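# Breakdown of the fold
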Number of protein chains: 2
Amino acid sequence: MLTIAVDAMGGDYAPKSEVEGAIEATRTLNVRVILVGGEDVIRKELEHHPGWKDLPIEVRHASQVITMEDSAARAVRQKRDSSMRVASRLVREGIAAGFVSAGNTGAVMATAKMVQGMVPGVDRPALASAFPTVKGPDKPVVVVDVGANVDCEPKMLAQFAIMGEAYSRVIFHTEHPRIGLLSIGEEDHKGNDLTRAAMPLLKSLPINFIGNVEGRDLYTGNSDVIVCDGFVGNVALKVSEGLVDVIRHMLQDSLGATATRKLGYLLARQAFVDFKKRIDYSEYGGAPLLGVRGVCIICHGRSTPKAIRNAIRVAKEFAGGGINQRIEQELAAWPSGANGNFPGKLAAGAELA
Amino acid sequence: MLTIAVDAMGGDYAPKSEVEGAIEATRTLNVRVILVGGEDVIRKELEHHPGWKDLPIEVRHASQVITMEDSAARAVRQKRDSSMRVASRLVREGIAAGFVSAGNTGAVMATAKMVQGMVPGVDRPALASAFPTVKGPDKPVVVVDVGANVDCEPKMLAQFAIMGEAYSRVIFHTEHPRIGLLSIGEEDHKGNDLTRAAMPLLKSLPINFIGNVEGRDLYTGNSDVIVCDGFVGNVALKVSEGLVDVIRHMLQDSLGATATRKLGYLLARQAFVDFKKRIDYSEYGGAPLLGVRGVCIICHGRSTPKAIRNAIRVAKEFAGGGINQRIEQELAAWPSGANGNFPGKLAAGAELA
């Protein structure tokens, strides 16, 4: 049985969400969970769930907490006994196969990178997020990077492609993932300096690269993986979250306007519940930080118990699926491709490097 | 009465959308329209509308058409009698106050820039798009740039702020437009090299700058103007369009699933129509190219007659509102701000310039 460490002090609703998520996960997923953080508060929360002692749950004390307000760099250096760091250390020591945190995203990334280290061949870890598509809930598209690297070199996008491909294969069982480069037009020459320089590198990789895709392709299901720099990916993610909220509000307003419509709304209510479920990011269970040794899954600060439970599931599948081994092999197999130099091909983007 | 030139050969449904849009505009808006393009096809389309001769509509022949497949740069150089170019020339010559085109976006931008020239003080024209917000259909947020400039220098973002501010004041009657910088976190230091270098420049301008905003703020109505480079802005726009389509599909699927829900859908149908209207980009009537002399409004290739009609309305309000005079004055008033050098302040982003 795999063990996953959970930073129990991270999210906005910590430790409630984390404890309930751990209970739900250990009940249903054949997984062991170590809850890391203030022992007293965690145990107190656990006591609300009679029977927890029969579940494969352990508590590991950590005396410090990294807050959302902490500067990531400083917190990682100074809070050496933070719940986040202790959880990450459990992975490095092989006690846990992966760790999950809904805490300060910058601090989680810095901690995992420093404590767990990187998969050989990877320059920088990248945050991957699964977006729902019209093709259905089991056919999401993986977007890499959604915020770990705001200024990228062309070769980093090539590495993101290899990491995203491994993730899509293992977690979503895609056979030949179609990899797109997020740009502002389909033709090769459309884009900015970065995408134009990355284009030949992506073409040189032994992946199913389908060229430039546009913002609207995030939801069409025409790609399985979309690569972009972390600034653009983060904007795309946040724009989507904002728009879903707005549409929900607008529909509520519209449907409340008259008695007939209200009746319509009542009759259609279950449809809205289903719909919300399909668009709900918590279903996908957090964003994995690809490229670090071991597993690190980063959850939204507002994570519910269900989101934590799903993140534990993803951590387990990630660890069991051998994604990192695959990434390492693929990077090693094409040293002139995604990891080393791209002789002659980097010229166009050299000033970016 | 102001005169607006319309490129009648531009969009996917040309000249039908353009002709019908012109008829609707001249009937309702107190505006004169010159339809530019193949005289025969335009007149043939006009004949479907008995009574058009009583409207202030003129036809101006142009022998060439720039297609969506044409390279913008080449088409602008080689097709000197294109409908787009002739329409733009009518603006330069003072015969029309502005021009509207649903044609090849790159070619429209290049044509307007070359034929009409730039407002003094502007380095590069920028495409502005109005996004709907939760605050209601008359409170959109103006995003600048959504695709004209894919690689920006920090000072360009400062100019976008001044241009977007003038646009928001004149077209949406905002008194003290709140200007945000699109980034990936609210704190000043969050962002990429470009936004961090632009931050002090934006702070130095005499505008109501509210600092960094995130992707989700596109729809909250917390800003009146959001500035970003054209690559990021274009991705944000296309992601939104794609997501709206997907949600519409998903809701249709969900609501068709059972007879009860279908009844619910029928009862709620008008609400969906209202909702679609609020989110419908065609309502806003195209994207103005800010910073060129005269007026240039760029429409979606798939523009309906209603979208063309609304673009004519925006062109008219734009020309009548003196936006360009305002931009010129504001840029001239702060030569050390948005146009000239930023002594000492550019250091952080100097390598980007």
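### Some words on the overall build of chain A
When its secondary structure is counted, chain A shows 12 helices and 11 strands. Expressed as a percentage of its 353 residues, the buried residues of chain A come to 59%. Pairs at least 24 apart in sequence give 74% of the contacts found in chain A among residues at least 6 apart.

### What about the sheet that holds strand β10 (residues 287-290) of chain B?
All names here are of chain B. Pairing within the open sheet is mixed, and its 11 strands lie in the order β3-β2-β1-β4-β11-β10-β5-β6-β9-β7-β8. Unpaired on one side and paired on the other, β3 (57-61) and β8 (208-213) mark the two borders of the sheet. In this sheet, adjacent strand axes meet at a mean angle of 30° when their direction is disregarded. Pairing between strand β5 (residues 126-133) and β10: two bridges, direction antiparallel. Residue pairing for β10: L127 is matched across the bridge by L289. Where helix α1 (residues 16-28) meets the sheet, it contacts β1 (3-7), β2 (32-37) and β3, and its direction lies at approximately 170° from that of β2. Across the sheet, helix α10 (residues 305-320) is in contact with β1, β2, β4 (98-101), β10 and β11 (296-298); its angle to β4 comes to roughly 155°.

### Quick look at the interface of chain A and chain B
Taken together, the contacts link 48 residues of chain A with 49 residues of chain B. Residue assignment for the side of chain A that touches chain B shows that the elements contributing at least two residues are α8 (230-255) and α9 (259-279) of chain A. Top contributing element to the side of chain A that touches chain B by residue count: α8(A), with 19 residues. Its residues assigned to classes, the side of chain A that touches chain B shows 25 nonpolar, 13 polar and 10 charged.

### Here's the deal with the relation of the copies chain A and chain B
Mapping chain A onto chain B leaves a residual RMSD of 0.1 Å; the transformation is a rotation of 180° accompanied by 0.0 Å of translation along its axis. In short, the pair behaves as if placed about a two-fold rotation axis. Nearest to the rotation axis, the C-alpha of G264(A) is located 1.9 Å from it, this being the minimum over chain A. Most of the interface of chain A is mirrored in chain B: 100% of its interface residues are interface residues there too.

### Focus: the confidence of the model for chain A
Chain-level pLDDT for chain A is 88 on average; 89% of the residues reach the 70-or-more range. The low-confidence segment residues 337-353 of chain A (pLDDT under 50) makes 37 contacts with residues lying over four places distant or belonging to another chain.

### Quick look at the pairing of β3(B)
All names here are of chain B. Examined bridge by bridge, β2 and β3 share five bridges and lie parallel to one another. Looking at the pairing, V36 lines up with R60 of β3. Crossover handedness for the path β2 to helix α2 (residues 39-46) to β3: right-handed.

### Things to note about the environment of E186(B)
Residues and elements named next belong to chain B. The residue E186 is located in the loop between β7 (178-182) and α7 (193-204) in this model. C-alpha separation for the pair E186 and I210, spaced 24 residues apart in sequence, amounts to 9.8 Å. Those residues within four positions of E186 in sequence are excluded, and the remaining contacts are G211, N212 and E214.

### A word on α7(B)
Three or more residues of α7(B) are buried, namely L194(B), T195(B), R196(B), A197(B), A198(B), M199(B), L201(B) and L202(B). Elements that come into contact with the buried residues of α7(B) comprise α6 (154-172), β7 and β8 of chain B.

### Observations concerning the packing of α1(B) against α10(B)
Residues and elements named next belong to chain B. Closest axis-to-axis distance for the α1/α10 pair is 7 Å, and the angle between their directions is 50°. In terms of axis orientation, α1 runs oblique to α10. The two elements α1 and α10 cross, and the hand of that crossing is right-handed. Residues S17, E18, E20, G21, E24 and A25 of α1 form the contact with α10, whose own contacting residues are P305, I308, R309, I312 and R313. Classifying every residue of the contact of α1 with α10 gives four nonpolar, two polar and five charged.

### Examining the nonpolar core
One broad trend across soluble globular proteins is that nonpolar side chains are buried collectively. Grouped together as the largest cluster of nonpolar side chains are 228 residues, with contacts concentrated most on V6(A) and V6(B). Every residue in contact with V6(B), bar those within four places of it in the chain, is listed here: E18(B), A22(B), V33(B), I34(B), L35(B), V36(B), A87(B), V100(B), I308(B) and I312(B).

### Some points on the sheet that holds strand β8 (residues 208-213) of chain A
Each strand in a sheet pairs with another by means of backbone hydrogen bonds, the pair being arranged parallel or else antiparallel. Residue and element names in this part refer to chain A. Spatially, the 11 strands line up as an open sheet ordered β3-β2-β1-β4-β11-β10-β5-β6-β9-β7-β8, and their pairing is mixed. If you trace the sheet from one side to the other, it starts and ends with β3 (57-61) and β8, each paired once. Geometrically, the sheet is characterised by an average inter-axis angle of 30° between neighbouring strands, direction not taken into account. Contacting β7 (178-182) and β8, helix α7 (residues 193-204) runs over the sheet at an angle of about 165° to β7.

### A closer look at α1(B)
All names here are of chain B. With 13 residues, α1 extends 18 Å from end C-alpha to end C-alpha; this agrees with the ideal 18 Å at 1.5 Å per step. Among the residues of α1, those classed as buried are S17, E18, V19, E20, G21, A22, I23, A25 and T26. Buried residues belonging to α1 abut β1, β2, α2, β3 and α10.

### A closer look at the environment of K44(B)
Turning to its location among the elements, K44(B) is positioned in helix α2. Placed 29 residues apart in sequence, K44(B) and P15(B) show a C-alpha to C-alpha distance of 9.8 Å.

### Regarding unusual backbone geometry
Put simply, A14(A) and P15(A) share a cis peptide bond, and its omega is 0°. Among the structural elements, P15(A) can be located in the loop between β1 (3-7) and α1 (16-28). Its identity is not glycine, yet H173(A) carries a phi of approximately 55°, on the positive side. Along the chain, the position of H173(A) falls in the loop between α6 (154-172) and β7. Here N30(B), not a glycine, exhibits a phi torsion of approximately 55°, which is positive. Counting through the fold element by element, N30(B) comes out in the loop between α1 and β2.

### Topic: the packing of α6(A) against helix α11 (residues 323-333) of chain A
Residue and element names in this part refer to chain A. One can describe the packing of α6 onto α11 by two numbers: an axis separation of 9 Å at closest approach and a directional angle of 140°. In terms of axis orientation, α6 runs oblique to α11. Read as a crossing pair, α6 and α11 show a hand that is right-handed. Taken together, the residues of α11 that come into contact with α6 (itself represented by I162, M163, A166, Y167 and V170) are I323, R326, I327, E330 and L331. Classifying every residue of the contact of α6 with α11 by side-chain character gives eight nonpolar, no polar and two charged.

Analysis parameters
Residues numbered from 1 in each chain as written. Chains lettered and ligands numbered in written order. Predicted model: local features only at pLDDT ≥ 70, side-chain atom pairs only at ≥ 80, totals over all residues. Helix = DSSP H or I, 4+ residues; strand = E, 2+ residues; numbered from the N terminus. Buried ≥ 20, exposed ≤ 12 C-beta atoms within 10 Å, placed from the backbone. Contact = placed C-beta atoms within 7 Å. Pairing = 2+ DSSP bridges. Axes fitted to C-alpha atoms, helices over the stretch in contact; angles between N-to-C directions. Nonpolar A, V, L, I, M, F, W, Y, C, P; charged D, E, K, R; others polar. Least-squares fit on C-alpha atoms with pLDDT ≥ 70 in both. pLDDT = per-residue confidence, 0-100. Right-handed = clockwise from strand over helix to strand, strands pointing away. Parallel < 35°, antiparallel > 145°, perpendicular 65-115°, else oblique. Left-handed = near helix turned anticlockwise from the far one by under 90°. Core = buried A, V, L, I, M, F, W, Y, C linked by C-beta atoms within 7 Å. Expected span 1.5 Å × (residues − 1).

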